[in-house]
Amino acid sequence: MSRYEPKAIEAKWQAAWDAAGTFTARRDPLKPKYYVLEMFPYPSGRIHMGHVRNYTMGDVVARYKAAQGFSVLHPMGWDAFGMPAENAAMERGGHPKEWTYGNIADMRAQMKPLGLSIDWSREFATCDPEYYGQQQAMFIDMMEKGLVYRKNAVVNWDPVDMTVLANEQVIDGRGWRSNALVERRELTQWFFKISEYSGELLAALDGLKDWPEKVRLMQANWIGKSRGLQFAFDTVGAPAGFAQIEVYTTRPDTLLGASFAAISPDHPLAKSLEATNPEIAAFVAECRRGGTSAEALETAEKKGMDTGIRVAHPFDPAWELPVYIANFILMDYGTGAIFGCPAHDARDFEFATKYALPIKPVFVAEGAEETALAEAFVPLKSEKVRYVRGFAGSDLQTGDEAVNAAIAHCESKGIGKGVTNYRLRDWGVSRQRYWGCPIPVIHCAACGVVAEKKENLPVKLPDDVTFDIPGNPLNRHPTWAATICPNCGAAARRETDTMDTFVDSSWYYARFTSPHAATPTVAEDADYWMNVDQYIGGIEHAILHLLYSRFFARAMHATGHLPAKAIEPFNALFTQGMVTHEIYTSMEGVPRRDANGEVVTDQMVRQVYHLPEEVEGLLPGKEPRTFLTSEVEAYLAANPTAERTDAYTFLAQNGRRVYITPSAKMSKSKKNVVDPMNIISAFGADTARWFVMSDSPPERDVEWTASGAEATFKHLSRVWALCSRIGEMPADHKGEGDDALRRATAKAVHEVTQGIEGFAFNKAIATLYGFTNTLAKANASTPAMKEAIRTLAQLMSPMTPHIAESIWTYQGGTGICAQAPWPKADPALLVDDTVILPIQINGKRRAEISVAADMPAAEVEKIALANEDVIKFLAGQPVKKLIVVPGRIINVVV
RNA sequence: GCGGGCGUGGCGGAAUGGUAGACGCGACAGACUCAAACUCUGUUUCCUCACGGAGUGUCGGUUCGAGUCCGACCGCCCGCACCA
């Protein structure tokens, strides 16, 4: 064998796998199936290290499961609709379609050299009409099932870009792209009825045993179940039609502490009053302004306005409460109206204090007496408290008990009823954008909103659009929207909204089971391949994508597109950490200019970022770091917003000092990125794959370091050299220690298997390092050495498949390593004949003895007490207790 | 504010309640070399010449035995944030 040259062998083996169709997924009735899926990428055009880590993890699992005898499905596709393509078209011209498909081609070309075991014949992009046409078909099916509907909703409207913005696209009240002040507009929007499944989506979380606890918790909080009482106040002095106000409360036990009622500025009553009362109109308008994330930061101040209307307390018609319009009441939770109990709610307390409303405690701490409150008293509902103004249940009870008693009491008196509420809202999917899946409905003057006929699908996006003016190109296209009503045949107009791109990613996992079918799914395929056995992706999708997918699987089942067993589509979920890198900055002088462009002062210092490869002073082993210097301190003093840099080195090119900030997520703006393509061309894909799996546990962030990548390459080169050496051993070499080597091999098999099974890839790799060292030092017979290195190749193959194939073939392995059955460890070889037992005296290790593994405890005791060191440390003291844990440890207590 | 997670060498990190620091990086020493790089061999938690002692954020508890379990505190990270 010659030198280790990854470029040559990697291309060779990738071609060999392709030619043999090694990774083509097939329905095989004789094998158990295994479906591994990594969250598919957005085709930005370049892969990054995060992709490498994500897809390598999935690949390790896929290759391992294939070797275990599973029929593996490991597909790849593209989450290809979305705003960036339109933004690119607006900024640089061109068409989103060309931009997107061009990026897909580029990214595929960058991914292929990684040698992933992907069945590329199943590849698709969500912007393929074949894909989104099926999505439209399901949309229509869901309309029929009542899972899709239209309603008016308040949205963030960007008046410049003329589109709806998601909450996270609104920054400080302005559109993230246009910088225009965002307006709250009420528009008719399409919604998926995810709230219909609130209870089920919450309850089913308990069954997702192989999901991270954190994700389940985040989803549970997001769904936000609450149990409370809904009842009506009779009004006094309200306009016609508002004889009653429905309120919802989770603390009906505090009804006797009520001091006011409050309604949302968006409540129908508020709207009615606004029409006739200019003062109220002004207040309500003020509340509606902003209304985005900025406001939350700006001020938590509670504001309200007394409407003059009064309501009667349900327990005592003579007791009247004022009705306020308050800025902190949300219209779309509960009924949009509340009763305020300031004593036991922080918000109500703040409000009552401001408007001098009464604050009467309903309960006090167990054993305490009623006193004036300086702040709201809000103990856990599980805590026992003493009710001083209770009306149901015993005086001494927990909040939970009191709530239940209060609901029962009120229901028996005919005052309202117990209600379960959820925080989860219906999913608004309308987007006034071009590059998305068209909503397949038609607006007819006579028939209203009508679904397109299925035989007319897909409703394709027109190609002849321009992006030179803001707004939705579909809306201003001269002919596209013009169509005929599928119902009456009259001239009608297409819906010009497209779907949120989260819809596209809510069912792609199901489509992979029959990616080119003429229906969304095919029953036999979905039945065989679903569910996804292992899903891998970023924690950032913990809520939206994963919750939408869970909803969609249920909706697909309801419309006959998925079997019942697939309503929870992902059996196991793994969320991987990010790839991080140090950040390098230097200070650069820039002239400061006034408004006319005239230079005012010579220089001001600016922080500029540098790519890792620009920082040549960072030579390994040169200890380039020094702690804070006065220069850095001076810079920081002059630039209070600058990030604190705590170390520096030198930029070799011009001698400028470079400051190092600790690792952060790789990002283009900070230039702390390492291009996977550079790594692959320098060291090969196997090095990149091995490195991203080593060192850190996969759920945690991994720091990319140049020295770490080099170390990996060196290690693979050593394995290569070791393989050559073993290959050149004379066939009749006897050596010694065959048995020990077999034991070491069995142990390695066991530990690597455990490591992969448990998603502890870093530990599996640590084992492989250790085993390689053992093998390198061994002097066993030639057959034993060959067997050991073949096993090493197999154990390495999920991580470094190319070098593994070369070693396998060179050492006489049969067929393709990727298809060889995973090695099994002989249990007999995992147990050592003799064990070393440490001896503790009073819990401190003092000696050790070597005994037969199966030696009876009584005999072990004898040997331990006869040990020289033990005798020395005991110094004649009597032994109080002697603990022998077989195969583990001995503890002598004196 | 609420919820969750995490604190182990110079660094990334290992340790079913049973020898703390596997494995890797870095560092140090030696071999090879005219020399350096590469490569190979070895050392590397701290204190102590040594014997020995201390040690997993801090304090306390349970246990024959605690990084691991329990309680309080400190620090860091993440998620949610007017949800009545």
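As a reminder, the structure under discussion sits directly above these lines.
Quick look at the structure, then. (Residues numbered from 1 in each chain as written. Chains lettered and ligands numbered in written order. Predicted model: local features only at pLDDT ≥ 70, side-chain atom pairs only at ≥ 80, totals over all residues. Heavy atoms only, no water.)

## Notes on the sheet that holds strand β22 (residues 482-484)
Item 1. Taken together, four strands build an open sheet; the order of strands is β21-β20-β23-β22 and the sheet is antiparallel. If you trace the sheet from one side to the other, it starts and ends with β21 (448-451) and β22, each paired once. Strand-to-strand, the axes of this sheet are offset by a mean angle of 45 degrees, without reference to chain direction.
Item 2. In the sheet, β22 pairs with strand β23 (residues 491-494) via three bridges, with the strands oriented antiparallel. Among the inter-strand pairings, I484 is bridged to a residue of β23, identified as A491. (Pairing = 2+ DSSP bridges. Helix = DSSP H or I, 4+ residues; strand = E, 2+ residues; numbered from the N terminus. Axes fitted to C-alpha atoms, helices over the stretch in contact; angles between N-to-C directions.)

## Things to note about the packing of helix α3 (residues 83-92) against helix α4 (residues 96-111)
Item 1. Two numbers describe how α3 lies on α4: the axes approach to 8 Å, and their chain directions differ by 115 degrees. The handedness of the crossing between α3 and α4 comes out as right-handed. Contact residues: α3 offers P84, A85, E86, A88, A89 and R92, while α4 offers P96, W99 and T100.
Item 2. A breakdown of the residues in the contact of α3 with α4 according to their chemical character gives six nonpolar, one polar and two charged. (Left-handed = near helix turned anticlockwise from the far one by under 90°. Contact = heavy atoms within 4.5 Å. Nonpolar A, V, L, I, M, F, W, Y, C, P; charged D, E, K, R; others polar.)

## Things to note about the pattern of salt bridges
Pairs can form between side chains of opposite charge whenever their charged atoms are close.
Item 1. Within the structure shown, the criterion is met by 28 salt bridges.
Item 2. A salt bridge links R46 to D675; its shortest N-O distance comes to 2.7 Å. Within this pair, whereas R46 is found in the loop between β1 (33-38) and α2 (49-67), its partner D675 is found in the loop between β30 (657-665) and α19 (676-683), the two being separated by 629 residues in sequence.
Item 3. A salt bridge links K303 to E286; its shortest N-O distance comes to 3.0 Å. Highlighted residues: K303 in the loop between α10 (293-298) and β11 (304-313) and E286 in helix α9 (residues 278-288), separated in sequence by 17 residues.
Item 4. For E286, a relative accessible area of 37% puts it in the partly exposed group.
Item 5. One network of salt bridges, in which partners are shared, links E200, R550, R554 and E568. (Salt bridge = Lys/Arg side-chain N within 4 Å of Asp/Glu carboxyl O. Buried < 20%, exposed > 50% of the residue type's maximum accessible area, 1.4 Å probe, protein only.)

## What about unusual backbone geometry?
Item 1. In this chain, L457 is followed by P458 through a cis amide linkage whose omega measures -5 degrees.
Item 2. In the segment running from M530 into N531, the intervening peptide bond is cis, with an omega of 0 degrees.
Item 3. A positive phi angle, near 65 degrees, is found at D695, a position not held by glycine.
Item 4. The residue D695 is located in the loop between α20 (685-693) and β31 (702-703) in this model.
Item 5. Given a relative accessible area of 59%, D695 falls into the exposed group.
Item 6. The backbone of N842 sits at a positive phi, close to 55 degrees, despite the residue not being glycine.

## Some thoughts on the nonpolar core
Item 1. Counting residues in hydrophobic clusters, the biggest one holds 158 residues, and the most contacted among them are F192, Y508, Y509, F552 and W704.
Item 2. A per-element tally of this core places α2 first, with nine residues.
Item 3. Ignoring any residue separated from it by four or fewer positions in sequence, one finds Y509 in contact with Y35, L37, M530, V532, S549, F552, A553, P569 and F570.
Item 4. Among the nonpolar cores identified, the runner-up in size contains 40 residues, and F233, I245, I309 and L321 belong to it. (Core = buried A, V, L, I, M, F, W, Y, C linked by side-chain atoms within 4.5 Å.)

## Here we look at the environment of G175
Item 1. Structurally, G175 can be placed in strand β6 (residues 174-175).
Item 2. By relative accessible area, which is 2% here, G175 ends up buried.
Item 3. As a C-alpha pair, G175 and W78 span 97 residues in sequence and 27 Å in three-dimensional space.

## Brief notes about the side chain of D348
Item 1. In this fold, D348 is placed in helix α11 (residues 346-354).
Item 2. Notably, D348 is buried but unbridged: the nearest opposite-charge side chain belongs to R347, and the N-O separation is 5.2 Å.
Item 3. Apart from residues lying up to four places away in sequence, D348 is in contact with F260, F328, I338, F339, G340, C341 and P342. (Lys, Arg positive; Asp, Glu negative; His and termini not counted.)

## Points about empty space enclosed by the protein
Once rolled over the atoms, a probe with the size of a water molecule shows which space is left empty.
Item 1. On inspection of all chains with the given rule, the structure shows two cavities of 30 Å³ or more.
Item 2. Of the voids in this model, the largest cavity is the one considered here, and its volume is about 70 Å³.
Item 3. Residue composition of the lining of the largest cavity, by class: six nonpolar, two polar and one charged.
Item 4. Forming the boundary of the second largest cavity are D253, Y387, G390, F391, A392, Q397, A402 and A406.
Item 5. Its residues assigned to classes, the lining of the second largest cavity shows five nonpolar, two polar and one charged. (1 Å grid on protein atoms, 1.4 Å probe; cavity = no way out; pocket = protein on both sides within 12 Å on 5 of 7 lines; lining within 4 Å. Points joined across faces, edges and corners; volume = space filled by probe spheres on them.)

## Some words on the packing of α2 against α20
Item 1. Running from amino to carboxyl end, α2 crosses α20 at an angle of 90 degrees, the nearest separation of the two axes being 9 Å. When the axes of α2 and α20 are compared, the pair comes out roughly perpendicular. Residues M49, V52, R53, T56, M57, D59, V60 and R63 of α2 touch α20, and the partners they reach there are R689, V692 and M693. (Parallel < 35°, antiparallel > 145°, perpendicular 65-115°, else oblique.)

## A short note on the state of the cysteines
Item 1. Considering all chains together, one arrives at zero disulfides under this definition.
Item 2. Of the cysteine sulfurs around C341, a residue in no disulfide, the closest is that of C410, at 14 Å.
Item 3. For C341, a relative accessible area of 4% translates into the label buried.
Item 4. Cysteine C723 remains unbridged, with the sulfur of C817 as its closest cysteine sulfur at 12 Å.
Item 5. Judged by relative accessible area, which is 0%, C723 ranks as buried. (Disulfide = S-S within 2.5 Å.)

## A word on the pairing of strand β8 (residues 225-236)
Item 1. Relative to strand β17 (residues 417-422), β8 runs antiparallel, the two sharing six bridges. Looking at the pairing, G228 lines up with V419 of β17.
Item 2. The pairing of β8 with strand β9 (residues 244-249) spans six bridges and is classified as antiparallel. Across the sheet, F233 pairs through a bridge with I245, a residue of β9.

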